[in-house]
Amino acid sequence: MTGPGQLHRPYTVAAIRPINPRTGTLLFREPLPAQPGQFVMAWLPGVDERPFSLAGTDPLALTIAAVGPLSAALLQLPVGGRVWLRGPLGRGYRLAGRRLLLAGGGYGVAPLLFLAREAVAAGCQVEACIGARTAADMLLVEDFEKLGAAVHITTEDGSRGAAGLVTLAVEAAIQAHRPDTVYACGPVKMLAAIDQQCEAHRLPRQLSWEAHMRCGIGLCGSCELILPEPAAHPGPGWLVCLDGPVSFQVPGTSKVPGT
Amino acid sequence: MPTVDVRCRLLDLELRNPIVLASGIIGTSVALLKRAAEAGAGAVTAKSCGPAPRAGHPNPVALDWGGGLINAIGLTNPGAEAEVDLLAGARAALEPLGVPLIASIFAGTVEEFAEVARVVARAGPQLIEVNISCPNVGDEFGTPFAGACQSAVAVTAAVKGAVGIPIAIKLAPNVPDIARIAAAVVEAGADAITAINTMPGMIIDAEAGRPVLSNKVGGISGPALKPIALRCVYEIARAVRVPIIGTGGVNSGRDAAEMLMAGATAVGVGSAVWYRGVGALGEIGAELEEFMRHEAYPTLEAMRGIAAS
């Protein structure tokens, strides 16, 4: 139903915590109540507006990699600089079960760290598989360890942890100690693979998808998720901004859009 | 319980209910059009396509400002040739559901309108909606064709002469006398009227000191548009005898009833997809049926235009 609307509001940068040469976390003075997995549309007037997953809500945190003009400009903001945000948007993760396996690829680990904090606070046991291209691209491992999570690391070039894709670590973790729910965030190919792994193991999973996003409110159709064959979940016609970004899947069911 | 029949006769089409997915809302793929039909729409309209592919405007392109939405997507589309495949696929997917497909076209010149209509007609949509009223591409296309009788008539006659499929002309609300333009396009051969497109507006962010949309101006839709749409449909219904697809701010079954009472034959729904999800397309139809049962209207005809007499 109609409500107060979601105009952009300016948020003030309190600090920028560098993570690696092209990635950092912006911490803001104002909180923004939201669930892990939800996102905001971040606008720098005159530059661009794009979606970013929340890395924390109090203080509000966005983990950003410099991949384009907007993200580069955000990382160069001074303390006291402002970013205009609308949101929170989309459907986030829900805690389900006591043993949670989290799998993050690349920048996908940022919203999972937010989820891990909430899960640990709720008394859940958290195991995390973190994958990156190289050791230099690896993010937030120490933050997961500080929370007391068991962490398994993979890099594609073998420069840190096991060599290979994060799906290898996920497979080993599932076989070693079956989780109640698998949570993942990362590139589309990685999530499609984890969806199939979970289906094979008959595990429920919550996957946070990324897509080219424009309106953010379910109208323009830009963020319809197109999965590589033979991936099946979520089905065609699924809108990342309106139906997601998190998809919920239990074993043995076909995905109906928007459920 | 009195029985209620919400089936809707639109030209020679039989819709299971009068709710039509409006153009520009999720009509960008076969899967999304099918999803809108499965959600319960009586008919679905594809996103407008033009002569050539367009990326649309840079972000921000839309937001919910409280009283409604504003958008300037900028007519993003793959071009008419590519749209034919999408429309043909959608038609095949919609056929078993008994849901008609409405194609939507725009162009920069009268001749291009005719050409785009000829191209999309190959896909066999049941109706072609002629979007002469997009408010968001003025820099490239000048004042919308819907702004004056002469240009609206020229496009209508050209498209009508180009295709054998019925056409609906989509009118703009921001004109001094919408009934006059409606009468002129009907005279020129329009089979139906879609009223209305969004209303040009602007949202300024006070802290940023500038318009939010990259296009600066955008189309207002949602609740703020409803009274304007009701007035336009009311005025058009008194001036012409062709069916009207009444569109603008319909977010509930009651809103749909009001649109029918103003004189609409069918009811377009768009922004409600944001407010209520894709399911709104079916829910609004069900709410309309419930309203009719409660108020003892056995058919849409019993309600149609009663506020305009």
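Values in this document were obtained by computation on a predicted structure and should not be read as measured data. (Residues numbered from 1 in each chain as written. Chains lettered and ligands numbered in written order. Predicted model: local features only at pLDDT ≥ 70, side-chain atom pairs only at ≥ 80, totals over all residues.)

A word on the overall build of chain A
- The secondary structure content of chain A amounts to 5 helices and 14 strands.
- For 259 residues, the compact-globule formula gives about 18 Å, and the C-alpha radius of gyration of chain A, at 18 Å, lands near that figure.
- Across the 259 residues that make up chain A, the buried fraction comes to 51%.
- Residue pairs in contact within chain A that sit at least 24 positions apart in sequence constitute 61% of those at least 6 positions apart. (Helix = DSSP H or I, 4+ residues; strand = E, 2+ residues; numbered from the N terminus. Rg over C-alpha atoms; globule rule 2.2 N^0.38 Å. Buried ≥ 20, exposed ≤ 12 C-beta atoms within 10 Å, placed from the backbone. Contact = placed C-beta atoms within 7 Å.)

Regarding the overall build of chain B
- The secondary structure content of chain B amounts to 10 helices and 16 strands.
- For chain B, whose C-alpha radius of gyration is 18 Å, the value lies close to the compact-globule estimate of 19 Å for 309 residues.
- Structurally, chain B occupies a C-alpha span of about 55 × 50 × 40 Å along its principal axes.
- Per-residue burial over chain B gives 59% buried out of 309 residues.

Some thoughts on the environment of I236 of chain B
Residue and element names in this part refer to chain B.
- Looking at where I236 falls in the secondary structure, it is placed in helix α7 (residues 226–239).
- When the C-alpha positions of I236 and A264 are compared, they lie 9.2 Å apart, and in sequence the two are 28 residues distant.
- Setting aside its immediate chain neighbours within four residues, I236 contacts I178, A179, A182, I193, A195 and I244.

Here's the deal with the sheet that holds strand β13 (residues 205–208) of chain A
All names here are of chain A.
- Spatially, the 7 strands line up as an open sheet ordered β11-β10-β9-β8-β12-β13-β14, and their pairing is mixed. With partners counted over all chains shown, the strands left at the sheet margins are β11 (162–163) and β14 (246–249), one partner each.
- In terms of strand pairing, strand β9 (residues 125–132) meets strand β10 (residues 150–155) through 6 bridges, oriented parallel. By the bridge assignment for β10, A128 is matched with V151.
- Sheet strands in contact with helix α5 (residues 188–201) are β8 (99–105), β12 (181–185), β13 and β14, and its direction is about 175° off that of β13. (Pairing = 2+ DSSP bridges. Axes fitted to C-alpha atoms, helices over the stretch in contact; angles between N-to-C directions.)

Re the confidence of the model for chain B
- Put simply, chain B has an average pLDDT of 95, and 98% of its residues get 70 or more.
- Per the prediction output, this complex has pTM 0.95; the corresponding ipTM is 0.92. (pLDDT = per-residue confidence, 0-100.)

Observations concerning the sheet that holds strand β5 (residues 62–64) of chain B
Residue and element names in this part refer to chain B.
- Taken together, the 4 strands give an open sheet; going across it, the order is β5-β6-β14-β11, and neighbouring strands pair in antiparallel fashion. Edge positions in the sheet fall to β5 and β11 (199–201), since each of these pairs with one other strand and no more. For this sheet the average axis-to-axis angle between neighbouring strands, irrespective of direction, equals 30°.
- In this sheet, strand β14 (residues 218–221) lies alongside strand β6 (residues 69–71) in antiparallel orientation, the contact comprising 3 bridges.

Overview of α7 of chain B
Residues and elements named next belong to chain B.
- Its 14 residues place the ends of α7 20 Å apart at the C-alpha level, agreeing with the 20 Å of an ideal helix rising 1.5 Å per residue.
- Taken residue by residue, α7 has A229, L230, C232, V233, Y234, I236 and A237 as its buried positions.
- Tucked inside the fold, the buried residues of α7 contact α6 (178–187), β10 (192–195), β15 (244–247) and α8 (253–262). (Expected span 1.5 Å × (residues − 1).)

Section: the interface of chain A and chain B
- The partner chain B presents 36 residues to the 28 residues of chain A that form the contact.
- Put simply, the parts of the chain that give the side of chain A that touches chain B at least two residues each are β4 (48–53) and β7 (82–89) of chain A.
- In terms of residues, the side of chain A that touches chain B owes the most to one element, β4 of chain A, which gives 3 residues.
- Across the side of chain A that touches chain B, the residue classes tally to 14 nonpolar, 8 polar and 6 charged. (Nonpolar A, V, L, I, M, F, W, Y, C, P; charged D, E, K, R; others polar.)

Concerning unusual backbone geometry
- Look at the link from D58 of chain A to P59 of chain A: it is a cis peptide, with omega at 5°.
- Within the secondary structure, P59 of chain A sits in the loop between β5 (56–57) and β6 (60–65).
- With an omega dihedral of 10°, the bond running from G244 of chain A to P245 of chain A counts as a cis peptide bond.
- Within the secondary structure, P245 of chain A sits in the loop between β13 and β14.
- Positive phi outside glycine occurs at L140 of chain A, with the angle close to 65°.
- For L140 of chain A, the position within the fold is in the loop between β9 and α3 (141–146).
- Here the phi dihedral of K216 of chain B falls at roughly 65°; this positive angle occurs in a residue that is not glycine.

A look at the pairing of β7 of chain A
All names here are of chain A.
- With 4 bridges joining them, strand β1 (residues 9–20) and β7 adopt antiparallel strand pairing. Paired with Y11 across the two strands is V83, which belongs to β7.
- One ladder, built from 4 bridges, connects strand β3 (residues 39–44) with β7; its direction is antiparallel. Residue pairing for β7: M41 is matched across the bridge by R86.

Regarding the nonpolar core
- Core analysis: the largest hydrophobic core is formed by 197 residues, its most contacted members being V120 and V233 of chain B.
- Counting residues per element, this core draws most heavily on helix α2 (residues 109–121) of chain A, which supplies 8 residues. (Core = buried A, V, L, I, M, F, W, Y, C linked by C-beta atoms within 7 Å.)

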